[in-house]
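# Fold and geometry: a report
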Amino acid sequence: MLAQYKTVKQSGAQEIVIKKSRFIGHAKPVQTEEEALQFVEAIRKEHWSATHNCWAYLIGERDEFQKQSDDGEPSGTAGKPILEVMKNQGLKNIVIVVTRYFGGIMLGAGGLIRAYTDGAVAAIEAAVPVHKVLHREVRIDIDYHWLGKLENELHLKGILKGETEFTDRVTLVCLPIEEEADNFSGWITDLTQGQARINLGEAFYIEHETFPF
C-alpha cells in the first residue's frame, strides 16, 4: 500500500463555457477500471444529446491502469489532455469525463486541448482534491494514573485518536501515520516506563486536506 496519494473526495461536476461551447467536467474517485467505465457510461446516458463525452482514468499504485478517449474529437485533443491534468496534479484512482455541447464556433486543435484541460481542472475542483495517508491503529492499554500524562503528550504531538475505552484499565486508540507506527510504539513504551500494553491493529487510509508531513 502507498504511504500516501492524492485523489478526489467525491463525485463532482462543474460547467465552463468557451466560445459558446459548454464543457461540463465530471470527476469521481474510483478503485477499479470497472467502476471507472460504469461512471463513463452513466455520464453518457445522462448527456446522451451532447456532441462529445471525452474521458480518461488513472488507477493503481503505479498508475498501472490508464485509458483515455477522444470520443470523436480530433486525435489527441481531448482524452490525452484530461489524462495529463491528472498526472500533472499527481492524482490517482480517479476518472474524469468532460462533456461538450458544441456552440457553433470551431476551436481548432490548440483551442480544444486548452478547453478539455480546463474542463478537467474544473471537474477536479468540483470533486474536492484530498490526500489519502496510510495510518495504523495502535491500541494502548494503561492504568488510570497514566491517562492524564499520555493524553497531554498525544495532544502535543498531534496524534489522531479514536475512541477511548474505560474498564478496569483504559484503552486509548491512536492512529499514527503507518511509517511512524513502530517508533510511536517505542515512544509509548518509554513514556509509560514499559507499563503500557501495546497492540498494533489494521492499516487504513485517512483523508487529509494536505499531507500532514
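Below, the structure is looked at part by part. (Residues numbered from 1 in each chain as written. Predicted model: local features only at pLDDT ≥ 70, side-chain atom pairs only at ≥ 80, totals over all residues. Heavy atoms only, no water.)

This next bit is on the pattern of salt bridges. For the coordinates displayed, the defined rule picks out 13 salt bridges. A salt bridge links Arg62 to Glu64, with the nearest nitrogen and oxygen atoms 3.2 Å apart. Accessibility expressed as a relative area gives 63% for Arg62, which makes it exposed. Here the salt bridges share partners, and the residues they tie into one network are Asp141, Asp143, Arg169 and Arg197. (Salt bridge = Lys/Arg side-chain N within 4 Å of Asp/Glu carboxyl O. Buried < 20%, exposed > 50% of the residue type's maximum accessible area, 1.4 Å probe, protein only.)

The subject of this paragraph is the packing of helix α4 (residues 147-157) against helix α5 (residues 181-191). Orientation of α4 relative to α5, taken along the N-to-C sense of each, is 145°, at an axis distance of 11 Å. Regarding α4 and α5, the two cross each other, and that crossing is right-handed. Between α4, through Lys149, Leu150, Glu153, Leu154 and Lys157, and α5, the contact on the second element is made entirely by Phe184, Trp187, Ile188 and Leu191. (Axes fitted to C-alpha atoms, helices over the stretch in contact; angles between N-to-C directions. Helix = DSSP H or I, 4+ residues; strand = E, 2+ residues; numbered from the N terminus. Left-handed = near helix turned anticlockwise from the far one by under 90°. Contact = heavy atoms within 4.5 Å.)

Take the nonpolar core next. Counting residues in each nonpolar core, the largest one holds 23 residues, and the members touching the most others are Ile82, Met86, Ile94, Ile96, Tyr116 and Ile124. Of all the secondary structure elements, the ones that give two or more residues to this core are β3 (21-29), β4 (52-59), α2 (79-88), β6 (94-101) and α3 (108-127). Of the residues forming this core, the biggest block, seven residues, is contributed by α3. (Core = buried A, V, L, I, M, F, W, Y, C linked by side-chain atoms within 4.5 Å.)

This brings us to the packing of aromatic side chains. For the coordinates displayed, the defined rule picks out five aromatic pairs. Relative to Tyr205, the ring of Tyr5 lies with its centre 5.2 Å away and its plane at 80°, an arrangement referred to as edge-to-face. Linking Tyr5 in strand β1 (residues 4-8) with Tyr205 in strand β10 (residues 197-208), this pair joins segments that are 200 residues apart in sequence. The class for Tyr205 is partly exposed, based on a relative accessible area of 25%. Centroid distance Trp55 to Tyr57: 5.9 Å. Interplanar angle 10°. Geometry classified as stacked. In this structure Trp55 comes out as buried when scored by relative accessible area, which is 6%. One residue, Arg22, lies across the ring of Tyr101, its end atom 4.7 Å from the ring centre. Looking at Lys157, its charged tip hangs above the ring of Trp187, at a distance of 4.9 Å from the centre. (Phe/Tyr/Trp six-rings, centres within 6.5 Å; stacked < 30°, edge-to-face > 60°. Lys NZ or Arg CZ within 6 Å of the ring centre and 35° of its normal.)

To continue, consider α2. Within α2, burial applies to Gly79, Pro81, Ile82, Leu83, Val85 and Met86. Next to the buried residues of α2 lie β4, β5 (65-69), β6 and α3. The first or second residue beyond α2 is Gly90, which carries a positive phi of 70°.

Our next topic: the side chain of Asp141. On the secondary structure map, Asp141 appears in strand β7 (residues 129-142). Residue Asp141 is classed as buried on the basis of its relative accessible area of 15%. Engagement of the side chain of Asp141 in a polar contact is seen with the side chain of Arg169, the distance being 2.4 Å. When residues no more than four places from it in sequence are discounted, the contact partners of Asp141 are Arg169, Val170, Thr171, Gln195, Ala196 and Arg197. (Polar contact = N/O pair within 3.5 Å; in protein donor to acceptor, adjacent residues only side chain to side chain.)

Quick look at unusual backbone geometry now. Of note in this structure, Asp71 is not a glycine but carries a positive phi near 45°. Along the chain, Asp71 turns up in the loop between β5 and α2. For Gln193, which is not glycine, the phi dihedral falls at a positive 55°. The topology assignment puts Gln193 in the loop between α5 and β10.

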